[in-house]
Structures are given as structure tokens and as C-alpha cells.
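Structural features, examined
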Amino acid sequence: MKKLSILFVTLFICGSIFAQSVPQGIPFQAVARDLQGKVLDTKEINIRINLTAGADGTTIYQEYHQLVTNQLGLFDLVIGKGRATEAAFEDVPWSNQQIWIELAVKDAASDSDYQVLSKSQLLSVPYAMHAGTAGEVQSNEPNSATGPYWKTNGNNGSIPQFNFLGTLDMKDLNFRTANQTRMSILSNGDIDIVNSLTVGEDLSVGRDLFVGRNGDFDNNLNVDGITDLNSTLNVLGVSNLNNTLNVQGISNLNNNLNVYGNTLLDATLTVTGTSNLNNQVRITADINAPDGQSDLNNYPLIVSGGSQGVAIQVDDQLAGGALHRESNFLTLFDGSGAPMGRIEGFQAGNDVMAVTDGFNAFTSLFPTPSTAFFNIVDAILDGGSSSNSEQNNIENNTSVDANTQAQLDAVISGATTFNSDFGVGIVSGTLDIANSFIAALADIPGCAILVGCDDLAVGVINLIHSVLQLGLHVGYFSINPGVAFESGGADYAEWLEKADKEEILNYGDVVGVKGGLISKEFENAERFMVVSLNPTVIGAMPQEGKENLFEKIAFMGQVPVKVIGAVSTGDYILPSGNGDGFAIGVSPDAMKANDYSRIIGIAWGEADGEKIYDYVNTAVGINANDLSGMVEQMQLVMNEMQKALRELNPDYQPHFYDVDESAQFANNTSIAPSIDQVIESKINIDNYSREDVLVTLQEIKQDAIAQGLPIDQIPFLSQLLDDPFDEALQTEAKAYWEGIMVRNQFILNNMAKN
């Protein structure tokens, strides 16, 4: 095998400077000779070139050339244009490494290995020298496309359209530190940043913003358009969303979320803290779980956790100062938006609510009428001319002047903010006090001349009675707020088990009850009831899946019943006796003794009997005293029988029933004493003197105070009890209470119209 050697090597770099690109290659030329120095002419040889980092460093680039020498043994090649086996030639780190070149050769016709012929460091060449000094070169033509060149110490006089950093071909632009790519400007314009990006001022994103991991915002995040969150959003502070927020994944909100516009949540919203929703909340869910009403997941709103359920607080300020029958805690609507039932609130108004001893702000019931109002009252009481416009207005419940209307509105505004029962009660109660006060004042002149002092005492007792009645009314409603369940249904029902599991029962069917089991085939039963149509309340709910074994039976209220024949209002509704689920109507005077135990209810409707069968509205569960008439008749008969026995046997001791034997039906009932009788029983008012009246009035006052009555809060009452014979007091009190009486009558008339 012939040994080869390279005896002469010529390396040169092209001296031309290309304005827009750097030549990617190093020209290389040499003469090939054998070990004896003989030129190898027209010889095929293989060349291997290694570029290493340092003299003994690792190979960072390797390539192979296969060529033929000329007649003089000369060959040439370009390093960087051979068959590369390692990294690309353009990736050789010329700027931060000392690059060495290793040359190896072998005979192409033999199987010998490559022989390393030389290894030397590559030094600067003209092109590289130019690159090293480019930062210091400035063009003499600052406005031309050829200048200035970029300098390492900064530039001036640059022309943006000609002077820039970047590429002119479709190649990526990489930025490195520590020989690691940190940022790349891709050929398509995208920018890849490997590590963190810190923005000192505003960051504007023209289109989509994709965040692969956490996004920490130390200040406000303002979103003016749609925001799609496909995964977790952690918000530790205030976030103002002024437009739509679409959330398709889990969002954890650990602090306040203020939403001023529409927010669309397409997936789960998890809130681990308190959420304050300051406006209407609508939940629309298109879900249909297979188990229907028994499946928790079939309900759009699920509240779970804690020892309590759902709390609903109605703002009494929005309700006009107090909750009333139009303040609904919960209203149920059907699919068309029509209300089907509701839970209504009730509470007395704060301005007359009892807070201390049953009376607080009690004087609001007794405002002082204006002088104009008194003048009108005087005209009315004196039968004044109807030409008086103010008098006509107040008599006809029409408009009055501002001062008078303010007095009228004082109680109207208070009463109409309450439940109607409460409003009417406080106005009519005040009217009773006015009447009693005026009556008591009328008794004073007679007592002043020592005639009829007992009438004055009785009049004051009646006045105290009126005050007590109003106090109890206000106190009760103030300390007994509540709710009313209102529904289109009209009865209370319970689920009762069917005797025959296969029997089909429909609303209005009459059923018999035996031992808690029901069937319309029972002709003889413990009692007879009816299948409910639409109960307001249903008790004894059966186990899930066993509803078909039970039926809803009306216990109390109004329910339609299937009847045969004519029925009149007030008839007793009885089973037909045929075990067919139908009922008949029987008038009270046609009832038989055994009929009473079979009463289903009382007809509150009619049927003309023209139809084969009809439905009649029937009141059930309220006829507990239906036997009273028959029992009383039996008692009368038994009393007569005992009288006859005593005539036959004088030693017989009869036990008569307490009935009115002068009538077919007795009218005697247990009657309690009246309130006036109770008060009079405590005070002896016979043969009163003027001095006795004063003592008695003080006793009445102390007794009233002991009852918790606000004596000092009712105009002129305390003074009347202390000295009823003060004529100036009598005149002033009479004018005041006459005004209150006319005013309250006006209010009641207005409330009736409304």
C-alpha cells in the first residue's frame, strides 16, 4: 500500500466582501505527494476534515471529500461544501471558540485508514478581520442604503428601511447567551421566549394571548372583550370584568369578583369564599337526569353543606318599610311564566312596631292635625255649608290642600305599607279610641254637677278598653311575624296506601278507609274520603319508587268530588254506596242517623244532575259539629222520657241534659264575661261622688299602666285621668279627637276603595 502525504497546502479566504451575505465555506488548495516526495498526478484520493474546539477538543464539524489530483498533483476544495456527518457548517461557533482544523487523507483505491497529516489552528482571514472591525466603520453616505453599519457601541443616523438586524431569507433568527438559545424570531414572524418575560410598562396583545402556566397580575386585569378560560383562573384580588367572560374549565376565586357585564360560564365555577351578587341572578340549565325528581343532579340549583339550608332575606325598605302579603320570599312559576304558588312575608311596620313592652313609636298613630284640618272638621261636625270646597273634598274623599293632605297621608302611608289586616286594625283601633274619648268627655259635665259620675267612670273604662285593644293588636303583629304559603291548590292531603295495588284511582274518586288502607270498592269503611286534585301541602311522602302503591287523599280544605245527580250548595256529600268512587248530595234535613258517619264533606258548589256525573267543589275536614243537631234532638227526647219515668216512679232521680226545651234546637252555649264586665268587677262605681271619680280614675290609670298601656303616649289621656274637670282640657281634647275621628274615617274609606 502506498503512503500518501500532503506536502504543500495553500489556504485562502475569498477577499471579496458581499454586502448582504457571508460566504459559507473556506477555500483550500494543496499538492499531493508520496512519502518520497514524488507528485501524485491524476490520482483519486479521499480527504477528511475535522473542525475541533481547541487543539484537543471535541469534533464540532466533520466532512469528507472524494477528488482526483491534476497532472501536477494539485487539488482544491471548499471546507463547508463536503459531505458533512456532524453539525452544519453554519453552526460552527467561530465567535466564542478557538477552532482547529485536522486534515486526514487516504488512497481511494485501497482499504487503508485515514492518515492524519496535519492539525493547526484557524486564524483570522480578511473576511473575519472585516467582521471584527465592522462596529467601528461608518459610511460617508449616512442617507444611503449601505450605511451606517451596526456598531457594538451604538449607532446614529440609521435609516429604518435599510438598517436593521435580521435576515433576508426564510430563516429563523436566534439569540443566545452562554451558547444557549434564549429567544428565537421564527421565519413566520412568531417569537419564542424560553424563560421569563418582564414587561416594565403596558403590554398590548393584538390578538390571542396563550399562557401555558400561571399568570400573576399584581394589579387590575381589564378585559374589554371575550375571554376564554379553558383551565384554572386564580384571582387573589379585585378583578373588574367590563364585558363577557367565558369560562370553560374550573375557576377558583379566592377573593372578590366584581362583574359589571355579561359573564358566560360554559363549565364549572368553583368559589371557595363568599360571593356577593348585587343584582338579579338567572340560572338556566338544560338538564334531564334519568331519575327525575329524585335525582339531585336534575335540579339547576343545588345548595349543600353546612347545618342549615337556604336563607332568604327580603329588604323591608324596598317593600315599603315592612313585609306584607305582596312581599314574596319564594314564588313558583310554570314554563309560561305564570305564578303557581308562593311563600309570602308578613311583618308589622318599623314605625309602629312593638319593641319595648309591646309599644314603640306608638305616637305615630296619633299625629297632630293641622289648623286647616280642624277647621274642616268643625265645618263637617257643625253641618256646615257644602259650598266649602275643602269640606266637600274631605267628605267626598277627593283632593285637599297640601297641609290637610299631609295630615291624611300620615296614617295612610303607614297603614298601606302593612298587610291589609294590620293596616285596617290600627286605623279602626284609633277610631275606636276617638269615639270612646269623645263619649267620656261627654259624661264629664253631668259628673261636674254631681249627676252621673258613675257614667264618667264607665266611659273612662270603655276608653281604656279601646286603648288596650289597639295595644294588643299592635303588639301581637309586631312580635309575631310570619309567612303564608299560597298556592292554587286548596287542600291538605296525605299519601295513603292502596288496599289493591293494581287499583287505578283518579282525582275526585271517593274512597273508603280501613286500617289506613284505601279503596273506592269499600262500601263499609271507618270513614270516607276523596282523592285530591292539586293539594297545597302533601304529607306522609312514600319511599322513592313506591308512589304507585299510594294515592293523595284530601284531609282538609276544598277538593272536587265526583257526584251523581243534582247537588245544592250546603248539601252533605256522601258516598254513593255502590263502591264505584262516586258521591251523592243529601240536604241536611234529609240526613239519616247512619249518614253522619259517612259524611265526606259539605258541598260548596252545585250540580244540576243533567250530566251523567259531575264535579262539585267540596269542603272536607271541617264538619266536626255535624252531629250536634241530632245529638241535641236526642237529648230533648231523653229529657222527656225521664220526666215520664219520674211520673211513673216518684223515687226515680232524673239526670236532665242542659238543653233549651222550649225550642227544637237548644241555643245555650258557654259565654265569657265581656272586657268591660271584667274591668268593672275590679272597681266599685256605685253612687260615685266627684271625689270618688278622681280616686277611681287614678286607680284606672295605675291599672292601665300595670297592663303595659302607653298612657303618656296617647294625647290628653293622662291629663284626663288626672283632672277630667279642667274645662280648657276638655275643649282642646274634644277638638283633637273629633279631628282624629274624621281623619281615620276618611282613611278607612280610602283603604276600602284601594
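Let us look at the structure shown here. (Residues numbered from 1 in each chain as written. Predicted model: local features only at pLDDT ≥ 70, side-chain atom pairs only at ≥ 80, totals over all residues. Heavy atoms only, no water.)

**A look at the overall build of the protein**
Each helix and strand in the protein was counted, giving 11 helices and 34 strands. Per-residue burial over the protein gives 35% buried out of 754 residues. Contacts spanning at least 24 positions in sequence make up 53% of the contacts within the protein whose residues lie at least 6 apart. Accessible area of the protein: about 45900 Å², with a carbon and sulfur share of 50%. (Helix = DSSP H or I, 4+ residues; strand = E, 2+ residues; numbered from the N terminus. Buried < 20%, exposed > 50% of the residue type's maximum accessible area, 1.4 Å probe, protein only. Contact = heavy atoms within 4.5 Å. Areas by Shrake-Rupley, 256 points an atom, 1.4 Å probe, with all protein chains shown as cover.)

**Remarks on the side chain of Glu-63**
By secondary structure assignment, the location of Glu-63 is in strand β4 (residues 59-68). One buried charged side chain, Glu-63, makes no salt bridge at all; its nearest oppositely charged neighbour is Lys-81, positioned 9.0 Å away. Polar side-chain contacts of Glu-63 include one of 2.9 Å to the backbone nitrogen of Gly-80. A polar contact is formed between the side chain of Glu-63 and the backbone nitrogen of Gly-82, at a distance of 3.1 Å. For Glu-63, the contacting residues outside a window of four places in its chain are Ile-47, Arg-48, Ile-49, Val-78, Ile-79, Gly-80, Lys-81, Gly-82, Arg-83 and Ala-84. (Lys, Arg positive; Asp, Glu negative; His and termini not counted. Salt bridge = Lys/Arg side-chain N within 4 Å of Asp/Glu carboxyl O. Polar contact = N/O pair within 3.5 Å; in protein donor to acceptor, adjacent residues only side chain to side chain.)

**Brief notes about the nonpolar core**
Counting residues in each nonpolar core, the largest one holds 35 residues, and the members touching the most others are Phe-437, Leu-717 and Trp-737. If you list the elements that add at least two residues to this core, you get α5 (420-448), α6 (453-479), α9 (690-706), α10 (717-722) and α11 (727-753). In terms of nonpolar packing, the next biggest core, distinct from the first, is built from 19 residues, Ile-26, Ala-32, Phe-75 and Leu-77 among them. (Core = buried A, V, L, I, M, F, W, Y, C linked by side-chain atoms within 4.5 Å.)

**Remarks on the environment of Ala-55**
Along the chain, Ala-55 turns up in the loop between β3 (44-53) and β4. Judged by its relative accessible area of 29%, Ala-55 falls in the partly exposed class. When the C-alpha positions of Ala-55 and Lys-119 are compared, they lie 7.8 Å apart, and in sequence the two are 64 residues distant. In this structure Ala-55 touches Trp-100 and Lys-119, once residues within four positions along its chain are discounted.

**Things to note about the packing of aromatic side chains**
Per the stated rule, a full pass over the model turns up 12 aromatic pairs. Where Phe-582 meets Tyr-613, the ring centres are 5.3 Å apart and the plane angle is 65°; that geometry is what we call edge-to-face. Within this pair, whereas Phe-582 is found in the loop between β30 (572-575) and β31 (583-586), its partner Tyr-613 is found in the loop between β33 (607-608) and β34 (614-620), the two being separated by 31 residues in sequence. Following the ring pairs from residue to residue traces out a cluster consisting of Phe-437, Phe-716, Tyr-736 and Trp-737. When the ring centre of Phe-522 is taken as origin, the NZ or CZ atom of Lys-514, which lies over that ring, is 4.7 Å away. (Phe/Tyr/Trp six-rings, centres within 6.5 Å; stacked < 30°, edge-to-face > 60°. Lys NZ or Arg CZ within 6 Å of the ring centre and 35° of its normal.)

**Topic: the pattern of salt bridges**
Considering all chains together, one arrives at nine salt bridges under this definition. Across the pair Asp-107 and Lys-43 runs a salt bridge, and its minimum N-O distance is 3.8 Å. Here Lys-43 lies in the loop between β2 (26-34) and β3 and Asp-107 lies in strand β7 (residues 99-107), a separation of 64 residues in the sequence. Residue Asp-107 is classed as buried on the basis of its relative accessible area of 9%. With its nearest N and O atoms 3.9 Å apart, the salt bridge here joins Lys-552 to Glu-551. Taking relative accessible area as the criterion, Glu-551 reaches 14% and is therefore assigned buried. Through salt bridges with shared partners, a single network forms among Arg-48, Glu-102 and Lys-119.

**A closer look at the environment of Gly-225**
With respect to the helices and strands, Gly-225 occurs in the loop between β11 (191-193) and β12 (227-229). Residues Gly-225 and Thr-244, spaced 19 residues apart in sequence, show a C-alpha to C-alpha distance of 6.2 Å. Excluding anything up to four places from it in sequence, Gly-225 contacts Asn-243 and Thr-244.

**Comments concerning unusual backbone geometry**
With a phi angle near 45°, Thr-42 is a residue other than glycine that sits in the positive phi range. Residue position: Thr-42 is located in the loop between β2 and β3. Residues other than glycine seldom take positive phi values, yet Ala-178 does so here, at roughly 50°. Position of Ala-178 among the secondary structure elements: in the loop between β9 (173-177) and β10 (180-185). Residue Ala-178 is classed as exposed on the basis of its relative accessible area, which comes to 69%.

**So, a nonpolar patch on the surface**
Taken together, the side chains of Leu-277, Val-281, Ile-283, Leu-301, Val-303, Val-310, Ile-312, Leu-330, Leu-332 and Met-340 present a nonpolar region at the surface, about 990 Å² in accessible area. Its location among the elements puts Val-310 in the loop between β19 (270-271) and β20 (328-333). (Patch = residues over 30% accessible without salt bridge, like charges linked within 9 Å, V, L, I, M, F, W, Y side chains within 5 Å.)

**Section: the pairing of β7**
Of all nine residues in β7, eight are buried, a share of seventy percent or more. For β3 and β7, the ladder comprises nine bridges, and the chain directions are antiparallel. Across the sheet, Thr-52 pairs through a bridge with Trp-100, a residue of β7. The pairing of β7 with strand β8 (residues 115-121) spans six bridges and is antiparallel. (Pairing = 2+ DSSP bridges.)

**A short note on the sheet that holds strand β6 (residues 83-84)**
Strand pairing in a sheet relies on backbone hydrogen bonds. The paired strands run either parallel or antiparallel. With respect to topology, five strands assemble into an open sheet ordered β6-β4-β3-β7-β8, the strand pairing being antiparallel. The open sheet has two edge strands, β6 and β8, and neither has a second partner. Sheet topology note: the β4/β6 ladder contains two bridges and is antiparallel. Considered in β6, the bridge of Tyr-64 is made with Arg-83.

**Some details on the sheet that holds strand β15 (residues 245-247)**
Taken in spatial order, the three strands of this open sheet run β12-β15-β18, and their pairing is parallel. Two strands close off the open sheet at either side, each with one partner strand: β12 and β18 (264-265). Taken together, the three bridges between β12 and β15 define a ladder with parallel strand orientation. Residue pairing for β15: Leu-229 is matched across the bridge by Val-247.

**Structural notes on the environment of Asp-216**
Assignment of secondary structure puts Asp-216 in the loop between β11 and β12. Taking the C-alpha atoms as reference, Asp-216 lies 8.7 Å from Asn-234; in sequence the two are 18 residues apart.

**Some thoughts on α9**
Helical geometry note: an α-helix holds 3.6 residues per turn, so side chains three or four residues apart project in the same direction. Under the 1.5 Å per step criterion, the end-to-end length of α9 is 25 Å for 17 residues, consistent within 8% with the ideal 24 Å. What α9 keeps buried is the set Val-693, Thr-696, Leu-697, Ile-700, Lys-701 and Ala-704. The buried residues of α9 occupy an angular sector of 145° when the element is viewed end-on, so they sit on one face. Turned more than 90 degrees away from the buried face of α9, the exposed residues are Glu-691 and Ala-706. (Expected span 1.5 Å × (residues − 1). Arc of directions from axis to C-beta.)

Geometric descriptors of this kind do not, in isolation, establish any biological role.
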